[in-house]
Amino acid sequence: MNEPHRQPVIKTEHLCRHFGEGETLVKALDDVTLNIERGEFSALIGPSGSGKSTLLNLIGGLDNPTSGSVELAGRRIDQMSGNELSDFRRDHIGFIFQSYNLIPVLTAAENIEYIMLLQGVPHAERRRRVSDILDRVGLAGLGERLPPALSGGQQQRVAVARAMVSEPDIILADEPTANLDSKSGISLLEVMRELNRDQGMTFVFSTHDQKIMERARRLIHLEDGRIVKDEQRV
Amino acid sequence: MLFKLAFRNILRQRRRTILTTISMAGGYLLSAMSFSMIDGSYSNVIRIFTEDETGHLQIHSKDYADKPRIYKTIDTLNVLNETLHAENHIKSFTPRTFAPALAYAEDNHAPVQVIGIDNELETDTSRLREKLASGQWLTAQPDSEGYFDALIGQGAATSLEIGVGDEIVLISQGADGSVANDLFRVKGTVGTRRSQERLNVYLPLQAAQPFLSLGPNQVHEIAIVLDDISLTDNIAAALTETLGRLVPDLTVSTWPEIQKTFYQSMQADKRSNAVTLGIILFIVFVGVLNTVLMSVLERTREFGMMKALGSRSSLVLTMILLETMLLATASIILGILIAIPVILWLTHSGFSLPDPVDLGGVPFSHMKGEFSARVMLLPAAIIYGYALAVSFLPGLRAARILPVEAMQTH
Ligand SMILES: Nc1ncnc2c1ncn2[C@@H]1O[C@H](COP(=O)(O)OP(=O)(O)O)[C@@H](O)[C@H]1O
Ligand SMILES: [Mg+2]
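Worth saying up front: this structure is predicted, and the values here are computed from it rather than measured. (Residues numbered from 1 in each chain as written. Chains lettered and ligands numbered in written order. Predicted model: local features only at pLDDT ≥ 70, side-chain atom pairs only at ≥ 80, totals over all residues. Heavy atoms only, no water.)

Attention shifts here to a nonpolar patch on the surface. Residues and elements named next belong to chain B. A cluster of nonpolar side chains, namely Ile18, Ile22, Ile333, Leu334, Leu337 and Ile338, defines an oily patch on the protein surface of about 550 Å² accessible area. Those elements that place two or more of their residues in the nonpolar patch are helix H2 (14-54) and helix H11 (313-348). Position of Ile22 among the secondary structure elements: in helix H2. (Patch = residues over 30% accessible without salt bridge, like charges linked within 9 Å, V, L, I, M, F, W, Y side chains within 5 Å. Areas by Shrake-Rupley, 256 points an atom, 1.4 Å probe, with all protein chains shown as cover. Salt bridge = Lys/Arg side-chain N within 4 Å of Asp/Glu carboxyl O. Helix = DSSP H or I, 4+ residues; strand = E, 2+ residues; numbered from the N terminus.)

Shown next as structure tokens:
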């Protein structure tokens, strides 16, 4: 029997995503086969337009592949749609976007609670988890603030906390530090790394920032929609 | 949570929220006032119409109403008297006889309608007595010379060139086919030269019955006034049942049946008013639609993000519908607060029109409103309906947003 942590949490096979057709055809992703295992802390790197966002969107079930397959936690998400896919994202995937992460009319704590509310987690349990995670991402005491009253770095930490709190199989982060100054960017990454180390949470994030990619355990290099290099680091 | 979200979302653009609320509240006020005025005027018309002469219900012999003939009589006035007295909700009733006749006076003659009335009961049931233009009301006894009283319409008085105190000879046909003729003394004149009773001659029932060879329990019509017009159909049904057992071959008709033309033109008027109102409200809601569209479009990214996180489409749609419903509720509350004093004023004072308008054939110069649950709730239902309708499509659009596309818009 395979050890459970050897089981890939993400498996893509011959994944292609094309935009347009004929003259204007863009192969945003071109035959990408990739395994990501539980507990990994991996970075998708490559120049702008290399297909990082496209790949993350496909893995996260936000977009449909032109061909190929995406398996997440043993389920073919490229074959899901509608409520099934919504519920799958809610229960299995955490998202951190570059910006516009938070619902602006909800406080930090309420934003973190949001997915648990969709999941029907009981009130007391939600409260407990929210205060716990706020502590963990270094936002203790800021739970009642509305997003506009938080700095960019703090907002991204709230997004990390929200992604984390419902205990998904994987957290996908598309350039989470792109809108932050380098100090907040690095400290955000430190928080993510800590959650990865202490709780075994799997992270896949994209970046083209040298300082950020240095902290990844695995670097997946993309160029013109293809994986050109895949290096493990220690 | 959905409530919290919807509520905070509408507080986000305060200025827009306030404007939308005010315009919907205006729509509410406008419709409530129109309904109040429409209902009010028609209740008024109906009241005048029914209390004038018709009453709310009438009883006739089987097909008298369709083809009136002198011999088609109700023959059991005594039984009906008892039955009608026993019935709750009947305010008053009065028996009548009808016959066409020729009236002669000195050198002139004129065709008239002879109507036998109960000089006391008629007073409680119709407005005839209020229309006395000269002279006095009928008495039930003959005068010292043995002549019974007659009241004549102003039209007949004019063409016969007679007035109070003059004699009038009526010639008609009795129920048995015999020739009826007798002399009466004009006790008074009623109405004007143009009013509907201008060619009528009213006799006390005690004189009209023998004149037409009818017995004391024989009449052509019983007009009934109820203490609440809304009971018309119920009481008609109840009477039809009771009378059906006691005295067959009678029909009970309601005022809309008796005054078919009036009733139909009134309904048509009401419908056309409702259409006009619908169009005005539609214009109000084009504005609301615009607001809803704007607020949905500018939040495209947010909806995309919510969906990416795993919110179902139905949740997004519900949230948007809820936002509009909350706005509509606020507007209706505001509308009601303003409408109550306005409509109470319309109901109690009303206003005078510079030119009388014609409602179902009755000229109207003073308009009054009506205050009722219908007047207050129907506009609320319309506002909710419109609010749902205008937010549904934008809501659906937002709910169907694809997260990737939504998150790419800037
Ligand atoms: N919706 C789209 N329509 C057309 N082309 C697209 C679309 N999204 C991405 N692309 C193209 O696909 C390629 C990869 O884009 P993307 O995945 O966003 O790259 P990255 O995130 O690495 O910058 C680019 O050439 C981009 O122009
Ligand atoms: Mg990108």
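That covers the picture; the talk isn't over yet.
What follows deals with H11 of chain B. Residues and elements named next belong to chain B. Taking 1.5 Å of rise per residue, the 36 residues of H11 would be expected to cover 52 Å, and the 51 Å separating its terminal C-alpha atoms lies within 8% of that figure. The sharpest bend along H11 reaches about 35° and sits at Ala339, with the proline Pro341 one to four residues further on. Looking at the residues trailing H11, positive phi occurs at Gly350, about 70°. (Expected span 1.5 Å × (residues − 1). Bend = angle between axes of the 7 residues up to and from the residue.)

Residue and element names in this part refer to chain A. Taking strand neighbours across the sheet as the criterion, the four strands line up as S2-S1-S4-S5 in an open arrangement whose pairing is antiparallel. Each of the sheet's edge strands pairs with one partner strand only, and the pair in question is strand S2 (26-37) and strand S5 (75-76). Strand direction decides the pairing type here: strand S1 (residues 8-19) and strand S4 (residues 67-72), joined by five bridges, are antiparallel. Looking at S4, one finds that Ile10 is bridged to Leu72. (Pairing = 2+ DSSP bridges.)

What follows is about the interface of chain B and chain A. On the chain A side, the residues contacting the 21 residues of chain B number 25 residues. When the shortest N-O distance is used, the salt bridge between Asp87 of chain A and Arg312 of chain B registers 2.3 Å. Between chain B and chain A we count seven residue pairs in polar contact (both at pLDDT 80 or more) in total. Going through the elements one at a time, helix H1 (2-12), helix H10 (300-308), H11 and helix H13 (403-408) of chain B are the ones with two or more residues in the side of chain B that touches chain A. Looking at the side of chain B that touches chain A element by element, the count peaks at six residues for H10 of chain B. Among the residues forming the side of chain B that touches chain A, the class breakdown is 10 nonpolar, four polar and seven charged. (Contact = heavy atoms within 4.5 Å. Polar contact = N/O pair within 3.5 Å; in protein donor to acceptor, adjacent residues only side chain to side chain. Nonpolar A, V, L, I, M, F, W, Y, C, P; charged D, E, K, R; others polar.)

A few words now on the side chain of His60 of chain B. All names here are of chain B. Looking at where His60 falls in the secondary structure, it is placed in strand S1 (residues 57-61). The class of His60 is buried, set by a relative accessible area of 4%. Here the side chain of His60 touches Gln58 through a polar contact of 3.4 Å, side chain to side chain. Looking at His60, its side chain comes within polar contact range of the side chain of Glu221, at 2.9 Å. Those residues in contact with His60 that lie beyond four places of it in its chain are Ala65, Ile74, His220, Glu221, Asp249, Leu250, Thr251 and Ser253. (Buried < 20%, exposed > 50% of the residue type's maximum accessible area, 1.4 Å probe, protein only.)

All names here are of chain A. The strand order across the open sheet built from six strands is S6-S7-S8-S3-S9-S10, with neighbouring strands paired in mixed fashion. Here the strands that pair on one side only, and so sit at the sheet edges, are strand S6 (93-96) and strand S10 (226-232). In this sheet, neighbouring strand axes are inclined to one another by 20° on average, regardless of whether the strands run parallel or antiparallel. Across the sheet, helix H1 (residues 52-59) touches strand S3 (41-45), S6, strand S7 (170-174), strand S8 (203-207) and strand S9 (218-223), and the angle it forms with S7 is around 150°. (Axes fitted to C-alpha atoms, helices over the stretch in contact; angles between N-to-C directions.)

Moving on, we come to the site of ligand 1. The local shell around ligand 1 consists of Phe19, Val26, Ala28, Pro47, Ser48, Gly49, Ser50, Gly51, Lys52, Ser53 and Thr54 of chain A together with Gln408 of chain B. Those chains with residues close to ligand 1 are chains A and B. Here an oxygen atom of ligand 1 and a backbone polar atom of Gly49 of chain A are 2.7 Å apart. One of the backbone nitrogen or oxygen atoms of Gly51 of chain A is found 3.0 Å away from an oxygen atom of ligand 1. A total of 550 Å² of accessible area belongs to ligand 1 in isolation, and the protein chains cover 64% of it. Elements with a minimum of two residues in the shell around ligand 1: S2 and H1 of chain A. The dominant element in the shell around ligand 1, judged by the number of residues it contributes, is H1 of chain A, at three residues. Looking at side-chain class alone, the shell around ligand 1 contains four nonpolar, seven polar and one charged residues. (Near = heavy atom within 4 Å.)

With that settled, consider the nonpolar core. With 77 residues, the main nonpolar core has Leu55 and Tyr114 of chain A together with Phe303 of chain B as its most contacted residues. No other element matches H11 of chain B, which puts 14 residues into this core. If we ignore the near neighbours within four places in the chain, the residues touching Leu55 of chain A are Leu15, Leu29, Val32, Leu34, Leu44 and Leu222 of chain A. Membership of the second largest hydrophobic core comes to 40 residues, among which are Ile133, Ala161, Ala163 and Leu189 of chain A. (Core = buried A, V, L, I, M, F, W, Y, C linked by side-chain atoms within 4.5 Å.)

Under the definition given, this model contains 35 salt bridges over all chains. In this structure, Arg90 of chain A and Asp87 of chain A form a salt bridge, with 3.7 Å as the shortest nitrogen-oxygen distance. You can see Arg90 of chain A and its partner Asp87 of chain A sitting in helix H2 (residues 82-92), three residues apart, about one turn around the helix. Like Asp87 of chain A, Arg90 of chain A is buried. Of the charged contacts in the structure, one is a salt bridge between Arg16 of chain B and Glu298 of chain B, with a shortest N-O distance of 3.1 Å. Here Glu298 of chain B lies in the loop between helix H9 (260-297) and H10 and Arg16 of chain B lies in helix H2, a separation of 282 residues in the sequence.

This part is about the environment of Ser182 of chain A. Residue and element names in this part refer to chain A. Within the secondary structure layout, Ser182 lies in helix H6 (residues 182-199). Residue classification places Ser182 among the partly exposed residues on the basis of a relative accessible area of 41%. The spatial distance from the C-alpha of Ser182 to the C-alpha of Thr66 is 36 Å, given a sequence separation of 116 residues.

Before going further, it helps to examine a negative patch on the surface. Residue and element names in this part refer to chain B. Taken together, the side chains of Glu106, Asp107, Glu161 and Asp166 make up a negatively charged region of the molecular surface. With respect to the helices and strands, the residue Asp166 is situated in the loop between helix H5 (154-160) and strand S6 (167-173). Among the residues examined, Asp166 registers a relative accessible area of 33% and is labelled partly exposed. (Lys, Arg positive; Asp, Glu negative; His and termini not counted. Charge placed at Lys NZ, Arg CZ, Asp CG, Glu CD.)

Now for the packing of H2 of chain B against H9 of chain B. All names here are of chain B. Orientation of H2 relative to H9, taken along the N-to-C sense of each, is 175°, at an axis distance of 10 Å. As far as their axial angle goes, H9 and H2 are roughly antiparallel. Looking at the contact of H2 with H9, its residues break down into 17 nonpolar, eight polar and four charged. (Parallel < 35°, antiparallel > 145°, perpendicular 65-115°, else oblique.)

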